[in-house]
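Listed below are the residues making up each chain.
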Amino acid sequence: MSPTPIRNIPVNNDLPINSIHVISQHWGLILALLAFIIWNALLIFAHLKKNTGFQYTDLELTALAMGGWPLPALLFSFIILFLSAFIPAGFILVIAAAIILSSGWLAVRTIWENTSAWALAPVLIFLLFAFLRLGFVANLLMPLYFDSAEHYRIIQELLAIGNEANRTWPTTSYYHLGYHAIIAALTIITSAEPSQIMLLFGQLILAAIPLPIYFLIHRATFSRSAAILGVTLAAFGWFMPAHAVNWGKYPALLSLSLIQFAFGIAILKKRWMFALTALAAMLIHTRSMILLVMLGAAWFLSFAWEKQDRNKRIISFGLTVTLLGLLIVLVFRNQILSPILDPYLIWVTLLTGLLAAAVFQAFPHLVIFPILAILFMLAGIFIPVTSSLTLLDRPLVEMVLFLPLAFLGGLGSVRLPKFATSILAVLIIVNAWMTISFAPSKCCQLVSQDDSTALNWMERHIPKDAVIAIAGVDLNVNAFGRPMRGAGIDAGIWIKPLTKNETLALPNTTDFASTEAHDLLCRNGVTHIYVGERPQSFSPDFAEMVPEWYETIFSLPKTHIVKVLNCGK
């Protein structure tokens, strides 16, 4: 579901200007989304503060809470969606405001007298990261890639549940409904366009992801500088997970915060909260449960390994490294899977390995743990579940490998002088600024201004019973199994979510001038063909070649809508 990233030398000099532009254009919605995240993080922090005593610092607990905020957000969203089916929107706003204000007041009262100013540090860092990430959406009309169109469709179906004539389940299969519920609830509360919420909220999700790893590294090392380096690596070490926004992987990104939070809660030994977090993570992204099981298995096996005698440890460590090396070679030599390694074939990864090796004797099981986690993740892409699915897919593994690597790097820096750790953090940030683009990738921008104009025209002029042919390709993201058929490659993928017209994906190489293609269109009841602006879209020349079969009814320089004629003849 993800193309190989296009790696050009980035130019990020206009990023601050773009961020300021986005904030000036959408300041009200951005403030609402920030307040929503911080309010939920406050609830988690207050709960942790009340139930953990004084053995954890406020800085640790706030950083962890910035990973746990989706948990109350999900509960709140389900409540809002349930009420929306029976209560008018105006009353829902009153109820939502009452819930937010009362719970926020109780949380503040709980922590007011015994909370230090350090509790604000992760929130301020989150706001800084948010500012840097918001510039990404400056020139975007719609969320990126074909996944986003399906997210939008499901969100619209959830919003329509309140309509008695349209109370249908939004999807025939499980598809990350936790994320969609949150966006739908935010749409009800803010009255904003769901696509705009998706764009802005996605960047705020991304800004929060690096923070919880502070808690995990600080608990392991009791070193603030090591934990800060881990956060720096998670935020800027590699072009993942930020690049995944280009693929519309919002549910997976949201689940990454909860996965870290779940591990932190396990350290705190809060069983019920861990169970709720695991359930919430699964509702937001199904495969997050698989990742949690893999991380848990890696954690317990690392402890078991440490308890073995010296000879067994050497043999098992050698076997682990050998298997990991073999998997890396298999991935590297597989054309479908090799993009997994693209973000990590840089000096930052080598640095994390060297740092981890330097502290191996001091923290043996903590070094083995992320190595085993990486081993299990890479193995997961080779384990078939069905004829078309593997345990993990390529995009998810590519997205999540930064977490064990950032943990290794932060852990490994514990023996460095503080000034050396600070220099490394600065180098990592400078490297990100110079080599990683903070702008959208051209690979995944399916909707141009002409496309947007064409889609708006279709919504007003195309009959609702019309069937539109759109361009698609077969896409394979698994080591085994069948490829995904008819994945959208231009703005045509947005026709069904926006206009409610049915679509039929056809190969983008279809020769519409042939009798076979025209017969295929007629057999499937296709009334129109969408020709988008993307290079992979249908070629528009066919309408002029056979005017008795096709008529162009809307035309811009690179976007066309063609009507199918003479199907009954």
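Because the structure is a prediction, the values reported are computed rather than measured.

**Q** Looking at this structure, how should I read the environment of L455?
**A** Turning to its location among the elements, L455 is positioned in helix α20 (residues 449-461). Residues L455 and T499, 44 residues apart in the sequence, show an inter-C-alpha distance of 7.8 Å. Setting aside chain neighbours within four positions, we find L455 in contact with A491, W494, I495, L498 and T499.

**Q** When you look at the state of the cysteines in this model, what are you seeing that I'm missing?
**A** Enumeration according to the criterion identifies two disulfides in this entry. At a sulfur-sulfur separation of 2.5 Å, the disulfide partner of C443 is C444. In this structure the cystine formed by C443 and C444 twists about its S-S bond by roughly -55°; its chirality is therefore left-handed. According to the relative accessible area criterion, C444 is buried, its value standing at 0%. Disulfide pairing places C522 opposite C567 at an S-S distance of 2.1 Å. In this structure the cystine formed by C522 and C567 twists about its S-S bond by roughly -85°; its chirality is therefore left-handed. Of the two residues, C522 is situated in helix α22 (residues 515-523) and C567 in the segment after β6 (560-564); the sequence distance between them amounts to 45 residues. What makes C567 partly exposed here is its relative accessible area of 36%. For the chain, the bonded cysteines pair up as 1-2, 3-4 when numbered in the order they occur along the sequence.

**Q** Help me understand the packing of helix α10 (residues 224-236) against helix α19 (residues 418-435) in this model?
**A** What describes two packed helices is the angle between their axes and the distance between those same axes. Remark: α10 packs on α19, axes separated minimally by 10 Å, with the N-to-C direction vectors making an angle of 10°. The orientation of α10 relative to α19 falls into the category roughly parallel. Within the contact between the two elements, α10 uses S225, L229, T232, L233 and F236 and α19 uses K418, T421, L424, A425, I428, I429 and A432.

**Q** Explain the pattern of salt bridges to me, please; I cannot follow it from the model alone.
**A** A side chain of one charge can pair with a side chain of the opposite charge when the charged atoms of the two come close. Tallied over the full model, the rule gives six salt bridges. With a closest N to O distance of 2.8 Å, K249 and D147 form a salt bridge. One end of the pair, K249, is in the loop between α10 and α11 (250-268); the other, D147, is in helix α6 (residues 145-159), with 102 residues separating them in the sequence. Taking the relative accessible area as the measure of exposure, K249 reaches 9% and is therefore buried. With relative accessibility at 5%, the residue D147 sits in the buried group. Among the ionic pairs, R153 bridges to E150, the shortest N-O distance being 2.8 Å. Of the two residues, R153 and E150 both sit in helix α6, three residues apart, roughly one turn of that helix. Overall, the relative accessible area of 17% leaves R153 in the buried class.

Calculation criteria
- Residues numbered from 1 in each chain as written.
- Predicted model: local features only at pLDDT ≥ 70, side-chain atom pairs only at ≥ 80, totals over all residues.
- Heavy atoms only, no water.
- Helix = DSSP H or I, 4+ residues; strand = E, 2+ residues; numbered from the N terminus.
- Contact = heavy atoms within 4.5 Å.
- Disulfide = S-S within 2.5 Å.
- Buried < 20%, exposed > 50% of the residue type's maximum accessible area, 1.4 Å probe, protein only.
- Axes fitted to C-alpha atoms, helices over the stretch in contact; angles between N-to-C directions.
- Parallel < 35°, antiparallel > 145°, perpendicular 65-115°, else oblique.
- Salt bridge = Lys/Arg side-chain N within 4 Å of Asp/Glu carboxyl O.

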